[in-house]
Amino acid sequence: MAAALDEAAGTLLAVWEAAREGTTSRLSSAQLRAVMVVEQHDGINLRRLATLTDMLLSSASRLCDRLVAAGMLEREPGRFDRREISLHLTPEAVRLLAELRSDRRQRLDQVLAGMTPEGREALLRGMREFDESARRREATAVSEAGWPVAQGSRRGESAAEWVDDSAGDPPVARTA
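Residues numbered from 1 in each chain as written. Predicted model: local features only at pLDDT ≥ 70, side-chain atom pairs only at ≥ 80, totals over all residues. Heavy atoms only, no water.

Draft legend 1. Looking closely at the overall build of the chain. Of the regular secondary structure elements, the chain holds six helices and five strands. Traced from its N-terminal end to its C-terminal end, the chain shows the element sequence α-α-β-α-α-β-β-α-α-β-β. Taking as baseline every contact in the chain between residues at least 6 positions apart, the subset at least 24 positions apart corresponds to 51%. When the accessible surface of the chain is split by element, carbon and sulfur atoms take 54% of a total near 11,400 Å². (Helix = DSSP H or I, 4+ residues; strand = E, 2+ residues; numbered from the N terminus. Contact = heavy atoms within 4.5 Å. Areas by Shrake-Rupley, 256 points an atom, 1.4 Å probe, with all protein chains shown as cover.)

Draft legend 2. Representation of the side chain of aspartate 103 within the structure. Relative to the helices and strands, aspartate 103 resides in helix 5 (residues 91–112). Since its relative accessible area comes to 14%, aspartate 103 is described here as buried. Beyond its immediate stretch of four places on either side in the chain, aspartate 103 contacts Ala19 and Thr23. (Buried < 20%, exposed > 50% of the residue type's maximum accessible area, 1.4 Å probe, protein only.)

Draft legend 3. Structural view of the packing of helix 2 (residues 29–40) against helix 5. Contact geometry of helix 2 with helix 5 gives a least axis separation of 11 Å together with a crossing angle of 105°. Compared by their axis directions, helix 2 and helix 5 come out roughly perpendicular. Here Leu32, Val35, Met36 and Glu39 of helix 2 come into contact with helix 5, specifically with Ala93, Leu97, Leu100 and Arg101. Of the residues in the contact of helix 2 with helix 5, the class split is six nonpolar, no polar and two charged. (Axes fitted to C-alpha atoms, helices over the stretch in contact; angles between N-to-C directions. Parallel < 35°, antiparallel > 145°, perpendicular 65-115°, else oblique. Nonpolar A, V, L, I, M, F, W, Y, C, P; charged D, E, K, R; others polar.)

Draft legend 4. Representation of the packing of helix 2 against helix 4 (residues 57–69) in the model. Contact pair helix 2 / helix 4: the axes reach a minimum separation of 10 Å and the direction vectors enclose 85°. Considering the angle they form, helix 2 stands roughly perpendicular to helix 4. Touching Ala30, Gln31, Ala34 and Val35 of helix 2 are Leu63, Arg66 and Leu67, all from helix 4. Considered class by class, the residues forming the contact of helix 2 with helix 4 number five nonpolar, one polar and one charged.

Here it is, written out as structure tokens:
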């Protein structure tokens, strides 16, 4: 089962990567990941960004320098500690992420159009269950390590909040 899923997921990742290349060609994968983390955790400090992106603090700092120079991130002194820096997306980064999501959804719509309604529903059900299982595993691993568990996803949504973007089509998860 894992091998079959790995093979099928390769196709999904190829669709996502094509959208990324089409809209964010000027950002590396690491830069895009950092922008998405800042979107989910507006005002995040550099240390937490490094932790969430699994980078060394010095590497995350250099990455942020490049993102600031590219007009994607803004730094501002922390509210409680002026020595701490808060990271925020620029309007350009917000626009870029919206463009990426739009392109990705158009590409997914093209693939989904070739599936039966039953197949789309089964895929959605399976993906929801997969997402919930993965989030439970991650939360368990994080809590066992003694780290704080981030609740929900971007803009405070939980994994169970879905949007039905079009009549007749299955709802789509709000993801980056």
